[in-house]
Amino acid sequence: MTISAIEALQRLREGNARFVTGIRSLETIASQMRRGEMVTGQSPFAVVIGCSDSRVPVEMVFDQGLGDLFVIRVAGNIVARSQIGSVEFAAEKFGTRLVVVLGHTHCGALEATLEELKRADGTRSRNLRSIVDRVRPSVEGLLDPALGHDAAALMRVAIRTNVRVAANTLRHGSDILETLINEDGLVVVGAEYSLETGAVDFFDGLPETA
C-alpha cells in the first residue's frame, strides 16, 4: 500500500524521536520475525540517500525495521547517476513517494573536500578524488574570508549546502522523478542528522502542510 510523502515524513519524525529518547517500537523489533514474508516482495515507504559513515545507520536513526526503508549509502551522500537510477527504481517499482537526502554533522567526506580545496598538490587517490569532485561544486564557493577562519561555521554551511545541491539534483536531474514530482506526489527533502543529539532536522523542500 502506497502512503503519501507527508505520512512517510511523519513516520520518520516519530521514529527519530524514539531513537533520540532510546526507545524502540515493538513493531520495529517484531519486523525481524517477518523476514520470511519479505522474500517475495517489499514496500518501503521512504527512500533515504545517506552517508556511509558508520555513525549514521539510517534504519536505527529512524527506528524502522526490515522492509521499511530503501537506503542508498555513499560517502558524502553524493548524488551521481547510479544514485539517481536507484531512486527512480524505488519510486517506480514500489510507489515510494518520499525521498530524503540525509547529511550529518562532522562529515568526513565534507572535511576531506574542504581540505582538498586548500591543498595545492591534490589527493593521492583517484578513487577518493571522484567523491571529492562530486562534493566540490557544493562547497567551493564557500571558501571566502567570512567563513574561512571559522572551520566549524564553514562545516555547518557546507553540510547543508551539499544536501541542498544533492536534493536539487534529484528534483531536476531525472525526467522520471520530475514527472513523479509534478504529477504523482513524489517529494524530495533534505535533512541533517546530529551526531551530538541523535536528532534529524528536515530543513529543505518540505511540503507546506508538513
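In case you missed it, the structure is sitting above this.
Every chain is numbered independently, its residues counted from 1 as its sequence is written. In view of the model being predicted, local features appear only for residues whose pLDDT reaches at least 70, and side-chain atom pairs are presented and counted only at 80 or more, with totals across whole chains, interfaces and linings using the full set of residues. With hydrogens and water stripped out, all remaining heavy atoms of the structure feed into the side-chain values.

S.K.: Tell me about the overall build of the protein, residues and numbers included.
M.R.: Here a helix means four or more residues in a row that DSSP labels H or I, a strand means two or more in a row labelled E, and each is numbered from the N terminus. The helix and strand inventory of the protein stands at nine helices and five strands. Listing the helices and strands of the protein from first to last along the sequence gives α-α-β-α-β-α-β-α-α-α-α-α-β-β. Note on contacts: a residue pair is in contact if any heavy atoms of the two residues lie within 4.5 Å. Counting contacts in the protein only where the partners sit at least 6 residues apart, residues at least 24 apart contribute 70% of the total. In this description, accessible areas are obtained by the Shrake-Rupley approach with a 1.4 Å probe, and a residue is regarded as covered only by the protein chains that are shown. By element, 51% of the accessible surface of the protein is carried by carbon and sulfur atoms, the whole surface being about 11000 Å².

S.K.: Hey, could you go over helix H8 (residues 151-172) for me, with residue numbers and the actual values?
M.R.: Across its 22 residues, H8 extends 31 Å between first and last C-alpha, which sits within 8% of the 32 Å expected from 1.5 Å per residue. Burial in H8 covers these residues: Ala153, Leu154, Met155, Ala158, Ile159, Thr161, Asn162, Val163, Ala166, Ala167, Leu170 and Arg171. For a helix, the expected span equals 1.5 Å multiplied by the number of residues minus one. Relative accessibility decides the category of a residue: with a 1.4 Å probe and only protein chains considered, values under 20% of the type maximum give buried, values over 50% give exposed, and everything between is partly exposed.

S.K.: Before we move on, can you summarise the packing of aromatic side chains with the specific residues and values?
M.R.: Each aromatic pair joins two rings of Phe, Tyr and Trp (for Trp, the six-membered one) with centres within 6.5 Å, and gets the label stacked for planes under 30 degrees apart, edge-to-face for over 60, and tilted for any other angle. Summed over all chains, the structure comprises five aromatic pairs. Relative to tyrosine 193, the ring of phenylalanine 19 lies with its centre 6.4 Å away and its plane at 50°, an arrangement referred to as tilted. Taken together, the residues phenylalanine 19 in helix H1 (residues 5-21) and tyrosine 193 in strand S4 (residues 187-193) connect sequence positions 174 residues apart. Note on tyrosine 193: relative accessible area 5%, which makes it buried. Members of the aromatic cluster, each reached through a chain of ring pairs, are Phe70, Phe89 and Phe94. Think of it as a cone above the ring: NZ of Lys or CZ of Arg counts as a charge over the ring if it is within 6 Å of the ring centre and within 35 degrees of the ring normal. Taking the ring centre of phenylalanine 45 as reference, the NZ or CZ of arginine 11 above it sits at 5.1 Å. Between the NZ or CZ atom of arginine 160 and the centre of the ring of phenylalanine 203, over which it lies, the distance is 4.2 Å.

S.K.: So what's going on with the nonpolar core? Which residues, and what values?
M.R.: A general tendency of soluble globular proteins is for nonpolar side chains to be buried together. Residue types Ala, Val, Leu, Ile, Met, Phe, Trp, Tyr and Cys, when buried and joined through side-chain atoms within 4.5 Å, form a set referred to as a nonpolar core. Core analysis: the biggest nonpolar cluster contains 22 residues, and Leu12, Phe62, Leu98, Val100, Leu102, Val200 and Phe202 have the highest contact counts within it. At the level of elements, H1, strand S1 (46-50), helix H3 (58-61), strand S3 (98-104), S4 and strand S5 (200-204) are the ones that each hand at least two residues to this core. If we skip the residues at most four places from it in the chain, leucine 12 touches Phe45, Ala46, Phe62, Leu69, Leu98, Val100 and Phe202. Listed in part, the 21 residues of the second largest apolar core include Phe70, Val101, Leu177 and Val188.

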